[in-house]
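# Fold and contact review
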Amino acid sequence: MTDGKPVSREALLTTANPKLFNRRFQHISLGWKAYFVLAVFLLCALSAMTLGAFDVGVLSIFFGEASSVQEKVLVNIRLPRVVLAALVGASLALSGAALQGLFRNPLADPGLIGVSSGAALGAIFMIVLGGAVNMPATLAPYSISIAAIFGATAVTGLLFAIAQGGGRLSIVTVLLVGIAINALAGVGIGFFQYISDDSQLRTLTFWMMGSLGRADWTSLVPGTVLMLTGFCLLIQTHRQLDLLQLGEPEAEFMGVDVAYLKKQIVFASALGVGAAVSLAGMIGFIGLVVPHLVRFLFGVTHRALMYGSAVVGASLLMLADTIARIAIPPAEIPVSLITSAIGAPFFLWLIVRDRGLWR
Amino acid sequence: MAAGLGQTHAVCPEPAMDASRIVSAGGSVTEIIYALGAESRLVAVDTTSNFPSSAADLPSVGYVRALSTEGMLSTRPTLILGEDDMGPPEVLSQLSSLGIELAVIPERWHGQGIVEKVRCISSIVGVGQSARDALIEKLQNHMDDLSIQRSRIDKPIRVALLLALRDGVPTAAGSETSGHGVLEMAGLTNVFADFEGWKPIAPEAMIKRNPEVIFITERSAKAAGGIEAVIADPIIELTDAGSSGNVFAVDGMALLGFGPRTITTALQISTLAQAND
Amino acid sequence: MALAAVDISVALNGKDIVSKVSLEAADGCITALVGPNGAGKTTLLRTLAGETKGSQGSVLLNGRNLADYSLKELARARSVMTQSTEIAFDFSVLEILQMAWLSGPRENFLHSLSPLVEELGLAPFLERSFRSLSGGEKQRVLFARAALQITANSTVRRGRFVLLDEPTASLDIAYELQLLACCASLAHQGIGFLVVLHDLNLAAKFADQIVLLDQGMCVQTGTPAEVLTSDLLSDIYKTRIHVEKHPKITKLLVYT
């Protein structure tokens, strides 16, 4: 058993053997890792700002030599796009981390609870039937985004209505409702595809593919407010998510109001993901893969995981968008293809590496 | 402002202030610019601009409905020409907010509509009258030929025009489509005229409507495994068209783009349909 | 100060799992819940912990109804170790133990952690992956976590309880004794224990009070000597059981 010596504080805080489980970087201090991740973020942000089909001449702007067109493009087109990429990436990744914690399942993802589909359905409704809806002229350009947020909210409302009815929002219930919503959304989208004319159909198909090119400052404002609200609500739950990992009754015995926590996370995810989908369409893999990448670096406790996921998600999407913009100029690759191209092989690698541990 | 929401613009825009560097977002628009001899002004085209083949040498700004703002900006255009399907709307508004002229050419799915397109593009781009009139005369001649061909039809020829044949489900042109427009130009009867828009067709409907001739786009025929595979498709096989081998692949852009080639293509399909009657 | 059940009945899916059981577990003592499989021990323990599904009757903690406590207050007053050892993500043992840290500075928590880790021999495991441990090792860690929830968050010991559901199920004899000895020393400091045990000898050795359950009903409550009698046990367990007072030690010995 023990050799009778009291356990030293150092022993409690440092690693004996970093190879013992899949946290290769555990021996590196949190501070250094945080700096590294922030440096990556800054690098991705800077390259997103400077690289692109159009030379915005960031350096020339510093020297005051840029043309007014360059400045305008940088400020009105490039900058909102980069900001949108960062916000959407952070939103999706953070929701993914929170949902994986909530469902205690490494495969959870914002698409799972049906929010992305609800948002997509709302947007598609507006694309196909929007002519029939009377929108005030000032709102018309944002009609699709507004409809998407309505869709995301409707799904969340549905989830809560079902939860209230049963009294408790069991995780299995949420999953099943998510599957049902995804199926319903599929039917709805199929229906709209059927009744749409050729023009709407093509618009719809490309909208669904996901693009960060639709950003401008005015449309960014409501979406940003929603996404930031989602962030705050989610990050706040990190400690409770840790406790939840031992089990729901176990967490409750440790003082966590599990029913409230579930609602908070589902609602905050719906906000963030709904706003993200409404502004950028469906962009996949970020919510699923980024949390795993961050766990690899920072370990599994939710505080580092959630902050890390937000920063890494933002960086990843900014990087993916930069690649999307510079790979085949002057055309663009849909950003979702890039995130899948990065995400899918990485995910396969994770599965293979951890196969002994997965249930 | 151009809307990607299914609304059409009825009126040809004003002549452009500066048409020296043009981005063309639409296969038929590109075709007409070349036909007018103004191609030297083109700096970039979209992916649907595949005719003439030299258009493919120009830089590409992406699919017409998914254009890239910065991509277009990098070609330093003074004018962006396209049709109703240019998009997404946010990109178009970003471009116009930078002061770049956007012109949306109206499209109508008949021969005269093509002539109107030529007039419209000529005026926007500022092409000389002689070039314009020469082209229009050529088009009128083709339309006269077409009209003669049409008049030879004594009894209705039942035709279906397919955009795709995927997993055994054909997508056919109903009314209010470019496909229907071409069939009308060719004087052929669209068996699916009571449908609206491009619609997937159920086997029973295809068999019941029983077209005598079927036209399918070349790209879809290739995707389905070649024209023989299309003819051998279980549903197509049971139609008169299938059983007599009257299934023909036609260049999609030439057929449906409603550029100059559409007139000659209409003539071509009219001739084919009548020959096999 | 005590954790008391007053006429607790629990029915799930139309079946009565627990029928009108009353008991009182005093602090500073170890109360063992014993009985055959299916007697309702786990259900009773969970109800005393605060689960209310399908239950009737009331649970009083230090004289106050459980329903009057907030979840956070309850967490400071009692901790629970369930039988579940599954975890979806790769937490280290230290991280699991840190889940017991509900309030106060981290220094204090680590200060309380140290003696318990030493006593349970968990020092070599601290940086290991929880998932990589054996079933028994996991149980010892989870026991430490439950104990820490009470010892590390406050210096008050009286009126605090640790509820354990079969904490020794996967442990070998040495570790069984170690864990219960740890309970005994914590009980000595004033903490009350309510422990579901399947091993009657452990109950005989360590429990101050035994509650014998059978088919959801409380058959007998009292000291080990009062409850662990040959006739009663043979009747309840439906097999010939002998109970003797060991000549050399003062505890009872149960065997078949």
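Note that this is a predicted model, so its numbers are computed, not measured. (Residues numbered from 1 in each chain as written. Chains lettered and ligands numbered in written order. Predicted model: local features only at pLDDT ≥ 70, side-chain atom pairs only at ≥ 80, totals over all residues.)

## Here we look at the overall build of chain B
In plain terms, the rule: Elements are defined by DSSP. Helices are runs of H or I of four residues or more, strands are runs of E of two residues or more, and each kind is numbered from the N terminus. For a compact globule the rule gives 2.2 Å times the number of residues to the power 0.38, and the radius of gyration it is set against comes from C-alpha atoms. Our exposure labels follow a C-beta count within 10 Å of each residue's own C-beta, placed from the backbone: buried means 20 or more other C-beta atoms, exposed means 12 or fewer, and partly exposed covers the counts in between.
When you go through chain B residue by residue, the secondary structure sums to 13 helices and 10 strands. Over its C-alpha trace chain B gives a radius of gyration of 19 Å, about what one expects of a compact globule, namely 19 Å for 277 residues. Viewed in the frame of its principal axes, chain B has a C-alpha envelope of about 55 × 40 × 30 Å. In chain B, buried positions account for 52% of the 277 residues.

## Remarks on the overall build of chain C
Short version of the rule: With C-beta atoms placed from the backbone, a contact is any residue pair whose C-beta atoms sit within 7 Å.
A count of helices and strands for chain C gives nine helices and 12 strands. Against the 2.2 N^0.38 benchmark of 18 Å for 256 residues, chain C shows a C-alpha radius of gyration of 18 Å, consistent with a compact globule. Overall, chain C is about 50 × 45 × 35 Å in size when its C-alpha atoms are taken along their principal axes. Considering chain C as a whole, with its 256 residues, one finds that 48% of them fall into the buried category. Considering only contacts within chain C whose residues lie at least 6 apart along the sequence, 70% involve residues at least 24 apart.

## Some thoughts on the domain arrangement of chain B
Residue and element names in this part refer to chain B. How we decide: Note that the domain bounds reflect an automated or database-derived domain assignment. Side-chain classes follow a simple rule in which Ala, Val, Leu, Ile, Met, Phe, Trp, Tyr, Cys and Pro form the nonpolar group, Asp, Glu, Lys and Arg form the charged group, and the remainder, Gly included, forms the polar group.
Segmentation of chain B into domains returns domain 1 (22-142) and domain 2 (158-275). Computed from C-alpha coordinates alone, the two centres of domain 1 and domain 2 are separated by 27 Å. Taken together, the contact pairs 16 residues of domain 1 with 14 residues of domain 2. No other element matches the five residues that helix α1 (residues 27-35) contributes to the side of domain 1 that touches domain 2. Tallied by class, the residues present in the side of domain 1 that touches domain 2 amount to six nonpolar, eight polar and two charged.

## Here we look at the environment of A:Leu51
All names here are of chain A. Summarising the element assignment, Leu51 is placed in the loop between α2 (30-50) and α3 (58-62). Between the C-alpha atom of Leu51 and that of Val177, which follows or precedes it by 126 residues, the distance is 42 Å. Leu51 has contacts with Thr322 and Ile326, leaving out every residue within four places of it along the chain.

## What about the sheet that holds strand β1 (residues 22-25) of chain B?
Residues and elements named next belong to chain B. Going by this rule: Whether two strands pair depends on DSSP finding at least two bridges between them. Angular values range over 0 to 180 degrees, each being the angle between N-to-C directions of two axes fitted as lines to C-alpha atoms, with helices fitted over their stretch in contact.
The parallel open sheet is built from four strands, whose spatial order is β2-β1-β3-β4. Strands at the two margins of the open sheet, each flanked by one partner only, are β2 (42-45) and β4 (101-104). Here the strands of the sheet are splayed against their neighbours by 20° on average, with no regard to which way each runs. Examined bridge by bridge, β1 and β2 share three bridges and lie parallel to one another.

## Remarks on the pairing of strand β9 (residues 209-214) of chain C
All names here are of chain C. Along β9, five of the six residues are buried, which leaves the element largely enclosed by surrounding structure. Pairing geometry for strand β3 (residues 30-34) and β9, over four bridges, is parallel. Bridge pairing in β9 links Ala32 to Ile210. One ladder, built from five bridges, connects β9 with strand β10 (residues 217-222); its direction is antiparallel. Residue Asp214 lies in a different strand from β10, and its bridge partner there is Met217. The antiparallel pairing of β9 with β10 creates a hairpin that spans two residues between the two strands, and Gln215 there sits at a positive phi of about 50°.

## With respect to the interface of chain A and chain B
Taken together, the contact pairs 28 residues of chain A with 35 residues of chain B. Elements with a minimum of two residues in the side of chain A that touches chain B: α4 (68-102) and α8 (198-208) of chain A. When residues in the side of chain A that touches chain B are grouped by element, the largest group, six residues, is from α8(A). A class-by-class count of the residues in the side of chain A that touches chain B yields 11 nonpolar, nine polar and eight charged.

## Considering helix α12 (residues 258-280) of chain A
All names here are of chain A. Note the threshold: To estimate the expected span of a helix, count its residues, drop one, and scale the result by 1.5 Å.
For α12, built from 23 residues, the straight-helix expectation of 33 Å at 1.5 Å per residue is met to within 8% by its first-to-last C-alpha distance of 32 Å. Extensive coverage of α12 is indicated by the burial of 18 of its 23 residues. Directly after α12, the chain includes Gly281, whose backbone phi takes a positive value near 75°.

## Focus: the sheet that holds strand β7 (residues 161-165) of chain C
What links the strands of a sheet is backbone hydrogen bonding, and the strands pair in either a parallel or an antiparallel sense. All names here are of chain C. Taken together, the six strands give an open sheet; going across it, the order is β6-β7-β8-β3-β9-β10, and neighbouring strands pair in mixed fashion. For this open sheet the edge positions go to β6 (78-81) and β10, each flanked by a neighbour on one side alone. Direction aside, neighbouring strands of the sheet carry axes that sit 15° apart on average. Contacting β6 and β7, helix α5 (residues 135-151) runs over the sheet at an angle of about 175° to β6.

## Examining the arrangement of the chains
The assembly contains two pairs of chains in contact; the pair sharing the most contacts is chains A and B. Separating chain B from chain C is a minimum C-alpha gap of 41 Å, and the two share no contact.

## Overview of the packing of helix α9 (residues 217-235) of chain A against α12(A)
Residues and elements named next belong to chain A. Condition: The scheme is simple: roughly parallel for angles under 35 degrees, roughly antiparallel for over 145, roughly perpendicular for 65 to 115, oblique for anything else. Handedness of a helix crossing follows the sense of rotation of the near helix relative to the far helix, less than a right angle counterclockwise being left-handed and clockwise being right-handed.
Packing of α9 against α12 brings their axes to within 8 Å, and their N-to-C directions diverge by 155°. By the angle class used here, α9 and α12 are roughly antiparallel. Crossing angle aside, the handedness with which α9 passes α12 is left-handed. In this structure, α9 uses Ser219, Gly223, Leu226, Met227, Thr229, Gly230, Phe231, Leu233 and Leu234 to contact α12, whose residues at the interface are Gln264, Ile265, Ala268, Ser269, Leu271, Gly272, Ala275, Ala276, Ser278 and Leu279. Of the residues in the contact of α9 with α12, the class split is 11 nonpolar, eight polar and no charged.

## Considering the confidence of the model for chain C
To keep things clear, this is the line we draw: pLDDT runs from 0 to 100 and stands for how confident the predictor is about each residue.
Mean pLDDT for chain C: 91, with 99% of residues reaching 70 or above. Two summary scores accompany this predicted model of the complex, namely pTM at 0.84 and ipTM at 0.93.

## Comments concerning the environment of A:Gly281
Residue and element names in this part refer to chain A. If you trace the backbone, Gly281 turns up in the loop between α12 and α13 (286-298). Sequence separation of Gly281 and Asp321 is 40 residues, and the distance between their C-alpha atoms is 13 Å. Setting aside residues up to four positions removed in sequence, Gly281 forms contacts with Trp207, Met208, Met209, Gly210 and Ser211.

## Concerning the packing of α13(A) against helix α14 (residues 302-326) of chain A
All names here are of chain A. Taken N-terminus to C-terminus, the directions of α13 and α14 make an angle of 120°; their axes are 9 Å apart at the nearest point. Taken together, the axis directions place α13 and α14 in an arrangement best described as oblique. Judged by the twist between their axes, the crossing of α13 over α14 is right-handed. On the side of α13, the interface is formed by Ile286, Val290, Pro291, Leu293, Val294, Arg295, Leu297 and Phe298, while α14 contributes Ala304, Leu305, Gly308, Ser309, Val312, Gly313, Leu316 and Leu317. Tallied by class, residues from the contact of α13 with α14 come to 12 nonpolar, three polar and one charged.

## With respect to unusual backbone geometry
Here the amide bond leading from B:Phe51 into B:Pro52 is cis, since omega sits at -10°, within 30 degrees of zero. If you trace the backbone, B:Pro52 turns up in the loop between β2 and α2 (69-74). With an omega dihedral of -5°, the bond running from B:Gly87 to B:Pro88 counts as a cis peptide bond. Counting through the fold element by element, B:Pro88 comes out in the loop between β3 (79-82) and α3 (89-97). Backbone geometry places C:Asp7, a non-glycine residue, at a positive phi of 50°. You can see C:Asp7 is positioned in strand β1 (residues 2-12). Even without a glycine there, the phi angle at C:Asn13 is positive, about 50°.

## Considering helix α13 (residues 260-275) of chain B
Taking 1.5 Å as the rise per residue, α13(B) with 16 residues should run 22 Å; its terminal C-alpha atoms sit 24 Å apart, in good agreement. Residues of α13(B) that are buried include every one of B:Pro260, B:Arg261, B:Thr262, B:Ile263, B:Thr265, B:Ala266, B:Leu267, B:Gln268, B:Ile269, B:Ser270 and B:Ala273, and no others.

## Things to note about the confidence of the model for chain B
Per-residue pLDDT for chain B has a mean of 88; in total, 96% of the residues score no lower than 70. Counting interchain partners and residues more than four positions distant, the pLDDT-below-50 stretch residues 1-7 of chain B has 20 contacts.

## Observations concerning the pairing of β3(C)
Of all five residues in β3(C), five are buried, a share of seventy percent or more. Residues C:Ile30, C:Ala32 and C:Val34 of β3(C) are buried on one face, and the alternating residues C:Thr31 and C:Leu33, pointing to the opposite face, are buried as well.

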